[in-house]
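Notes for the structure review
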There are 2 protein chains.
Amino acid sequence: MNVTPLKQRFILHLGEMGSRWGINRTVGQIYALLYVSENALNADDIVQALGLSRSNVSMGLKELQSWRLVQLQHQPGDRRDYFTAPEDIWAIFRVLVEERRKREVDPTLTMLRDALMEAPTSVEDQYAARRMQEMHELIELSTSWIDDLQALPQKTAVQLMKLGGNVTKFLKPSDSAKARKAGS
Amino acid sequence: MNVTPLKQRFILHLGEMGSRWGINRTVGQIYALLYVSENALNADDIVQALGLSRSNVSMGLKELQSWRLVQLQHQPGDRRDYFTAPEDIWAIFRVLVEERRKREVDPTLTMLRDALMEAPTSVEDQYAARRMQEMHELIELSTSWIDDLQALPQKTAVQLMKLGGNVTKFLKPSDSAKARKAGS
DNA sequence: TTAAAATTTCAGTAATTCCTGAAACTCTGA
DNA sequence: TCAGAGTTTCAGGAATTACTGAAATTTTAA
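What counts, and where the lines are drawn
- Residues numbered from 1 in each chain as written.
- Chains lettered and ligands numbered in written order.
- Predicted model: local features only at pLDDT ≥ 70, side-chain atom pairs only at ≥ 80, totals over all residues.
- Contact = placed C-beta atoms within 7 Å.
- Nonpolar A, V, L, I, M, F, W, Y, C, P; charged D, E, K, R; others polar.
- Helix = DSSP H or I, 4+ residues; strand = E, 2+ residues; numbered from the N terminus.
- Buried ≥ 20, exposed ≤ 12 C-beta atoms within 10 Å, placed from the backbone.
- Pairing = 2+ DSSP bridges.
- Least-squares fit on C-alpha atoms with pLDDT ≥ 70 in both.
- Near = placed C-beta within 6 Å.
- pLDDT = per-residue confidence, 0-100.
- Expected span 1.5 Å × (residues − 1).

**A look at the interface of chain A and chain B**
Taken together, the contact pairs 58 residues of chain A with 58 residues of chain B. Of the residues that constitute the side of chain A that touches chain B, the class distribution is 31 nonpolar, 14 polar and 13 charged.

**Describing the environment of N56(A)**
Residues and elements named next belong to chain A. Locating N56 in the fold gives a position in helix α4 (residues 54-66). The exposure class assigned to N56 is partly exposed, which follows from the 16 C-beta atoms found within 10 Å. Linking N56 and T26, residues 30 residues apart in sequence, is a C-alpha distance of 7.6 Å.

**Focus: the sheet that holds strand β3 (residues 82-84) of chain A**
Read from one edge to the other, the open sheet built from 3 strands follows the order β1-β3-β2 (chain A), with strand pairing classed as antiparallel. Two strands lie at the open edges of the sheet, namely β1 (41-42) and β2 (71-73) of chain A, each paired on one side alone.

**Notes on the relation of the copies chain A and chain B**
Note on the identical chains: chain A maps onto chain B by a rotation of 180° and an axial translation of 0.0 Å, with an RMSD of 0.1 Å. Look at the turn and shift together and you get a two-fold axis relating the two. A shared binding surface is used by both copies, with 100% of the interface residues of chain A retained as interface residues in chain B.

**Considerations on the protein's contact with DNA strand D**
The full set close to DNA strand D counts 20 residues, and S55(A), N24(B), S53(B), S55(B) and N56(B) are the nearest of them. Elements supplying a minimum of two residues to the surface near DNA strand D: α4 of chain A together with α2 (25-36) and α4 (54-66) of chain B. Considering each element in turn, the surface near DNA strand D owes the most residues, 6 residues, to α4(A). Partitioned by chemical class, the residues of the surface near DNA strand D number 4 nonpolar, 9 polar and 7 charged.

**Here's the deal with the sheet that holds strand β3 (residues 82-84) of chain B**
Residue and element names in this part refer to chain B. With antiparallel pairing, 3 strands are arranged side by side in an open sheet as β1-β3-β2. Only two strands of the sheet have a single partner each, and these edge strands are β1 (41-42) and β2 (71-73). Inspection of the sheet shows β2 paired to β3 by 3 bridges, in the antiparallel sense. Note on β3: the bridge partner recorded for Q71 is T84.

**Focus on the confidence of the model for chain A**
Per-residue pLDDT for chain A averages 88, and the proportion of residues at 70 or more is 91%. Segment residues 174-184 of chain A is flagged for pLDDT under 50; beyond a separation of four residues in sequence, or across chains, it makes 11 contacts in the model.

**Considering the protein's contact with DNA strand C**
Around DNA strand C there are 20 residues in total, and N24(A), S53(A), S55(A), N56(A) and S55(B) lie nearest to it. Broken down by secondary-structure element, the contributors of at least two residues to the surface near DNA strand C are α2 (25-36) and α4 of chain A together with α4 of chain B. Top contributing element to the surface near DNA strand C by residue count: α4(B), with 6 residues.

**Quick look at helix α6 (residues 126-151) of chain A**
Spanning 26 residues, α6(A) covers 37 Å between terminal C-alpha atoms, matching the ideal 38 Å at 1.5 Å per step. For α6(A), the complete set of buried residues consists of A128(A), A129(A), R131(A), M132(A) and M135(A). On its buried side, α6(A) packs onto α5 (89-118) of chain A together with α1 (5-18), α2 and α5 (89-118) of chain B.

So this is what it looks like as structure tokens:
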């Protein structure tokens, strides 16, 4: 439960970045600590390691659970909750993408859909409605694409990413028909 | 310069979402207003439409400029600054991705690289160093992949996204060699 | 070069978010 | 059912962030 300088650096950095990522410093630090800890930690371990109040840690852990970024474990003969960050970093990444989308994108998608449905689109709203429509289409396309990629086996996805811009070598002009068919 | 109910709804929503996106309500609202406005607006138009203070609008516009999300224009015979959101939504999207990456990802990449370089990795840091290494690799891979995609002509990128999970049809096991070669 | 228009800066205040300690609550083994 | 370990809630204070109006600065046309 000692925090080495290397860990310390990582923890402080993720704490700082937290605010840019929509989580607060405490939550960022707790996650960082769990991420670099080989063994599961209980709340008091975290309090001791990071110098935070017990209640703050409790709230932070709750938020991390709502993000599905930590796992709860129990040790035999100890009834305290022990927490870990999942081992598989690709799984972590996937959860992060899903959660951010749920919080940052989906509400806007819903709002756009509803607003465009309901409104009768007067002349003065024509431009606005078109712009909102464009935004809606872009979000739909990119999120459904992400869904598709997330559904691929991890190995395939990594392979695809390593291929990078070269995917298009397989994409000849004649494929655009296939693309349209596949996309519908 | 009147704000219809449709625009109003959009503006208020983007204002609310702003806080989840690392910008404040004011900035979100200003951007939303510009996005649905057919014509360029000056700062006073914005003050009047949104009921904000002049200085707040000034600061908000400055922040939007730092995000490269608004364009500055001038009208003949008027020396005030007029602002618009770019027309091309894919261009907007690209800028957004670039800026978020610059603010949210790059600092962490740098920190990880530096920390892993410098530290001699004692025994007790072995696990932490491995975890940080894994995170570093994941970020490198995904950002360079995004770079690759961003570099594609827009039409190709859209085509690819519409293809969705079906890209893998072109990706036979034998391609993994090509993938490795292409990725290096 | 000047004056007026336009914009930005900045110090102070308002609002929001974060964090804490104390109290309430939950759970489990005896 | 009770005791005590463990956890969560919550009100209030601390810290941060957002917003305003006034003053300073910049810009441009005459």
